[in-house]
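# Structure assessment
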Amino acid sequence: MNFIITESSEEMSRKAAELFAQRIRSNPNIVLGLATGGTPEKMYAELVRLHREEGLDFSRVTTYNLDEYLGIPATHDQSYRYFMNKNLFDHVNIPRENTHVLNGMAADPVKECRDYEDAIKKAGGIGLQLLGIGSNGHIAFNEPGSKADSRTGVVTLTGNTVKDNARFFEKAEDVPKQALSMGNGTIMEAKEIILIADKESKAEAILKSVEGPVTEDVPASLLQKHTNCTFILDSAAAAKLKKESGRF
Ligand code: F6R
C-alpha cells in the first residue's frame, strides 16, 4: 500500500485528480472505475477544470461506476447516474455511451449485475479504480461481512450506511435499503486502485483498513492484498493512522 497524506480535503482532491489525469494522458483508452458520494466531488470538479483549461481529453475513456441504489431511476436526483452526469460527464468530452452505471430500475437486477461483470471483462478490465470508504470500512456497497471474492450483485445496506447517506435525502426513510454493487472480488481485479478519504469520521476505518488484520469484517482491509493501491488522505482521515502506526 502507498500513502499520500495531504493537509486538506482540497489538496487530497487535487492530488487524486492529478493522478487520474496522468493515467488518462499516458493511456487515452483507459477504463476507469468511478465512485460517488461526498468525497470525490471536488476531485471531479478538478478533472472538469483540467479538461476545460488544459485540454484533458476524455474522448476515448470508458468508465464503470461502483454502484447504484436499487429502485431509483437514473433521473432521480440521488441516483448515482444523476450524480455522475452532474459532477463529471456533463462537463467533459466523454461519449455518453462510454459511461456505465448499473441500472437501479432493471427488471432483472441479478442479470443486470451479471451483464455488468461481462461488460467490464469485455472492456479489458478496470485500469484505474477510484474508491471512497464508508465509516464502517465498506468499499462500494460491500458492507462488513461481505465475501472477499464477491462479484457484482444485489446487496443490502447496513443501518450505519443508511444513516451516513441520509444527509443526501430529505428523510432517512427515503434512503434505499438495497443497492447493486461491484463485488470485492471485482474491485480487487482492477490494475490500480486509488482510495480517497477526508474527514475525521473516516479515521478509525482508515486505521483498521491499514493496520488491522485482513478481514471481511472491514472490506477495505482486503486492499492490503492489492499490489498497486494508494490511499490519498487528508490530515483528519489520516490522524489515527499517523498516531498509532509507526509508518509516518
Ligand atoms: C460510492 C461508494 C461508497 C462511498 C462511501 C463513502 O460510490 O461506493 O462506498 O465511497 O460510502 O461515501 P462518502 O464519500 O459520501 O463519505
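The paragraphs below set out a description of the structure included in this document. (Residues numbered from 1 in each chain as written. Predicted model: local features only at pLDDT ≥ 70, side-chain atom pairs only at ≥ 80, totals over all residues. Heavy atoms only, no water.)

### Points about the pattern of salt bridges
The following threshold applies: Take a side-chain nitrogen of Lys or Arg and a carboxyl oxygen of Asp or Glu: if they are within 4 Å of each other, that pair is a salt bridge. Secondary structure elements follow DSSP: runs of H or I no shorter than four residues count as helices, runs of E no shorter than two count as strands, and numbering proceeds from the N terminus. Residue exposure (1.4 Å probe, protein chains only): buried if accessible area is under 20% of the type maximum, exposed if over 50%, otherwise partly exposed.
This structure, assessed with the given rule, holds 14 salt bridges. Between Glu54 and Arg25 there is a salt bridge, with the nearest N and O atoms lying 3.9 Å from each other. In this pair, Glu54 sits in helix α2 (residues 41–54) while Arg25 sits in helix α1 (residues 9–26), placing the two residues 29 residues apart along the sequence. Residue class for Glu54 comes out partly exposed when judged on its relative accessible area of 47%. Look at Arg25 and you get partly exposed, because its relative accessible area is 46%.

### Some details on the sheet that holds strand β10 (residues 229–233)
Note the threshold: Two strands qualify as a pair provided that DSSP identifies no fewer than 2 bridges between them. Every residue pair with non-hydrogen atoms within 4.5 Å of one another is taken to be in contact. Orientation is described by axes fitted as lines to C-alpha atoms, over the contacting stretch for helices, and by angles from 0 to 180 degrees between their N-to-C directions.
With parallel pairing, the seven strands of this open sheet are ordered in space as β1-β10-β9-β6-β2-β3-β5. The outermost strands of the open sheet, each flanked by one partner alone, are β1 (2–5) and β5 (99–100). Relative to strand β3 (residues 62–65), strand β2 (residues 31–34) runs parallel, the two being bridged by four bridges. Following the sheet pairing, Gly33 is matched in β3 by Tyr64. Across the sheet, helix α7 (residues 203–211) touches β1, β9 (192–197) and β10, and the angle it forms with β10 is around 155°.

### Considering the site of the ligand
Heads up, the rule is: In this text, near means that some heavy atom of the residue lies within 4 Å of the molecule or strand in question. By the criterion applied in these results, polar contacts are pairs of N or O atoms within 3.5 Å in which, for protein atoms, one can donate a hydrogen and the other can accept it, and in which residues neighboring in sequence qualify only through two side-chain atoms. Accessible surface is estimated by sampling points in the Shrake-Rupley manner with a 1.4 Å probe; for residues, cover comes only from the protein chains shown. Throughout, the protein atoms alone are placed on a 1 Å grid, and a set of points is a cavity if a 1.4 Å probe fits but cannot get out or a pocket if it is open with protein on both sides within 12 Å along at least five of seven lines; lining residues have an atom within 4 Å of a point. For this analysis, a molecule is said to be in a pocket or cavity if more than half of its atoms are within 2 Å of the grid points defining it. Polar here means any residue outside two lists: the nonpolar Ala, Val, Leu, Ile, Met, Phe, Trp, Tyr, Cys and Pro, and the charged Asp, Glu, Lys and Arg; Gly therefore counts as polar.
Near the ligand, the surroundings consist of 13 residues, among which Thr39, Asp67, His138, Ala140 and Lys202 are the closest. Between Asp67 and the ligand, the recorded distance is 2.7 Å, taken from a side-chain N or O atom to an oxygen atom. Between an oxygen atom of the ligand and a side-chain N or O atom of Arg167, the distance comes to 2.9 Å. In isolation the ligand exposes 410 Å². Once the protein is present, 94% of that is buried. Cavity membership is defined here by more than half of the atoms lying within 2 Å of grid points; on that basis the ligand lies in the largest pocket. Grouping the constituent residues of the shell around the ligand by class yields four nonpolar, six polar and three charged.

### A word on the pairing of β3
The test is simple: Handedness rule for crossovers: strands pointing away from the viewer, path from the first strand over the helix to the second running clockwise, crossover right-handed.
Burial along β3 is two-sided: Thr62 and Tyr64 facing one way and Thr63 and Asn65 facing the other are all buried. In terms of handedness, the path from β2 via α2 over to β3 forms a crossover that is right-handed. Pairing of β3 with β5 involves two bridges; the strand directions are parallel. Counterpart to Thr63 in the pairing with β5 is Thr99.

### Examining the layout of surface pockets
Put simply, the rule is: Grid points are joined across faces, edges and corners, and a volume is the space filled by probe spheres set on the points.
For the largest pocket, the calculated volume is near 450 Å³. Lining the largest pocket are 25 residues, with Gly37, Ile133, His138, Asn165 and Lys202 positioned closest to its centre. Taken together, the residues of the lining of the largest pocket sort by class into eight nonpolar, 11 polar and six charged. Lining the second largest pocket are 13 residues, and of these Glu41, Asp77, Gln78, Phe83 and Phe168 sit closest to its centre. Broken down by element, the residue count for the lining of the second largest pocket peaks at five residues, all from helix α3 (residues 80–87). Along the lines of polarity and charge, the residues of the lining of the second largest pocket split into six nonpolar, four polar and three charged.

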